[in-house]
Amino acid sequence: MAPSLDDTIDDHIAAAGVGADGEMAPVKSRVTVVGSGNWGSVAAKLIASNTLKLNSFHDEVRMWVFEETLPTGEKLSEVINKTNENVKYLPGIKLGRNVVADPDLEHAVRDASMLVFVTPHQFMEGICKRLVGKISVDAEAISLIKGMEVKREGPCMISSLISEQLGINCCVLMGANIANEIALEKFSEATVGYRKSKETADKWVQLFNTSYFMVSPVQDVEGVELCGTLKNVVAIAAGFVDGLEMGNNTKAAIMRIGLREMKAFSKLLFPSVKDSTFFESCGVADLITTCLGGRNRRCADAFARNGGKRSFDELEAEMLQGQKLQGVSTAKEVHEVLSHRGWLELFPLFSTVHEICSGRLPPTAIVEYSEHPPNYSIVGGAAQFF
Ligand SMILES: NC(=O)c1ccc[n+]([C@@H]2O[C@H](COP(=O)([O-])OP(=O)(O)OC[C@H]3O[C@@H](n4cnc5c(N)ncnc54)[C@H](O)[C@@H]3O)[C@@H](O)[C@H]2O)c1
Ligand SMILES: O=P(O)(O)OC[C@H](O)CO
């Protein structure tokens, strides 16, 4: 979109730090969204509707696109800029003319003071490496990414990866947020997790909040992020139960046991995690929506219907057209933490999900007790002590 003359004048005045009345004007924040998948595109849309309304932000929202060539031979970023739609990951939805797709990562983040990270978690380490030394030293970040890395030293949440590699503060935003529903402006809620600065959290809330997207801040980064991350493992279990046609009671049981393991795992890793976080949108609400309507649930359903004979990679490629599952790799990462710390028997649901995904147990094992090594039952488990 070509900026209007008024916008251009305003930008020049703001850049000079002088208001129209000759007073010093507050410096405007520039926002870049790093990622342009299904949720990344919706996040850009939400933010862009707000930057147009709020004087403290530049109107333009840059969105980094992992470039790809479409079947038509055109570049995805060029088509987004031409049509104002992400035709591959969010077809049929206008993003807002102030969203500008940029395939050049370094250029996309240049001069940005607010960085929104929203890619599948497995790509973040590489993206951070490319960004070292390329971003403003006083930039603020937020991660919308549900996932974690496991390093030799132990588990590393994606917000910590961003903070440690880029030397900047990083909040998180998680919630019951199936992107396609928010794209259609159906009401939902989300939770911003922050570490210290409530002022920064409020700025993120202001940037995301709309009449149909209600955002609340809580001071518990790890709790919020672990809820968003671990619910994907429970969603895989819920999908198995659906694929096996076991009914609603079984699925509710899986969700309850899963929530208990989410809480126990989070608190064992980070004793500061608050119980109340599990009752925010990022907790129980995300668990419910994911187990009802998410991509992890859908692919796990297909996996179980095929008796585990078709791999998740194959199902993902066939069913999601380029979108990425997070639950299967998260189950593996959680399993690594559990086995390294000797906690496997405390988390029978998490452990069983990984065993099924990796083909060592059949999908039916999700509700079987004690018959398979390592001889535990999803109903028991010391997770009940938390
Ligand atoms: N889609 C949702 O409903 C939803 C909602 C809330 C949170 N999330 C979370 O948001 C994060 C991003 O998910 P999404 O739905 O926006 O993505 P997606 O799964 O729709 O799309 C995959 C994205 O990865 C990109 N990609 C592929 N290969 C890449 C590479 N090598 N390097 C970098 N990028 C590459 C693709 O271009 C595409 O943008 C995930 O952690 C997800 O759990 C998703
Ligand atoms: O489609 P899923 O399973 O990746 O879940 C999407 C969101 O995380 C739901 O909040």
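Going by the structure above, here's the rest.
All of these numbers come straight from a predicted model, not from anything done at the bench. (Residues numbered from 1 in each chain as written. Chains lettered and ligands numbered in written order. Predicted model: local features only at pLDDT ≥ 70, side-chain atom pairs only at ≥ 80, totals over all residues. Heavy atoms only, no water.)

(A) Spatial organisation of the packing of aromatic side chains. Taken as a whole and assessed by the stated rule, the structure comprises nine aromatic pairs. Considering the side-chain rings of Phe265 and Phe347, the 5.8 Å spacing of their centres and the 90° angle between planes classify their relative orientation as edge-to-face. Taken as a pair, Phe265 in helix 10 (residues 248-269) and Phe347 in the loop between helix 14 (327-341) and helix 15 (348-357) lie far apart in primary sequence, 82 residues in all. Exposure remark for Phe265: the relative accessible area of 0% places this residue in the buried category. One aromatic cluster in this structure is built from Phe240, Phe303 and Phe312. (Phe/Tyr/Trp six-rings, centres within 6.5 Å; stacked < 30°, edge-to-face > 60°. Helix = DSSP H or I, 4+ residues; strand = E, 2+ residues; numbered from the N terminus. Buried < 20%, exposed > 50% of the residue type's maximum accessible area, 1.4 Å probe, protein only.)

(B) Region of interest: the sheet that holds strand 9 (residues 188-193). If you walk across this open sheet you meet the eight strands as 3-2-1-4-5-8-9-10, and the pairing is mixed. What marks the edges here is a single partner per strand, and that holds for strand 3 (99-102) and strand 10 (213-218). Each strand axis lies, on average, 25° off the axis of its neighbour in the sheet, ignoring direction. Pairing of strand 1 (residues 29-34) with strand 2 (residues 57-64) involves five bridges; the strand directions are parallel. The residue of strand 2 that forms the bridge with Thr32 is Arg62. Contacts between helix 2 (residues 38-51) and the sheet are confined to strand 1, strand 2, strand 3, strand 4 (114-117), strand 8 (170-174) and strand 10, with strand 2 contributing the most and set at about 170° to the helix. The sheet strands contacting helix 9 (residues 221-243) are strand 8, strand 9 and strand 10, and the helix crosses strand 8 at an angle near 40°. (Pairing = 2+ DSSP bridges. Axes fitted to C-alpha atoms, helices over the stretch in contact; angles between N-to-C directions. Contact = heavy atoms within 4.5 Å.)

(C) Summary view of the site of ligand 1. As a structural note, the neighbourhood of ligand 1 is formed by 24 residues, with Asn38, Trp39, Asn177, Ala179 and Lys324 the closest of them. Here Gly40 contributes a backbone N or O atom positioned 3.0 Å from an oxygen atom of ligand 1. If one sorts the elements of the shell around ligand 1 by residue count, helix 2 sits on top with three residues. Looking at the shell around ligand 1 residue by residue, the classes come out as 11 nonpolar, nine polar and four charged. (Near = heavy atom within 4 Å. Polar contact = N/O pair within 3.5 Å; in protein donor to acceptor, adjacent residues only side chain to side chain. Nonpolar A, V, L, I, M, F, W, Y, C, P; charged D, E, K, R; others polar.)

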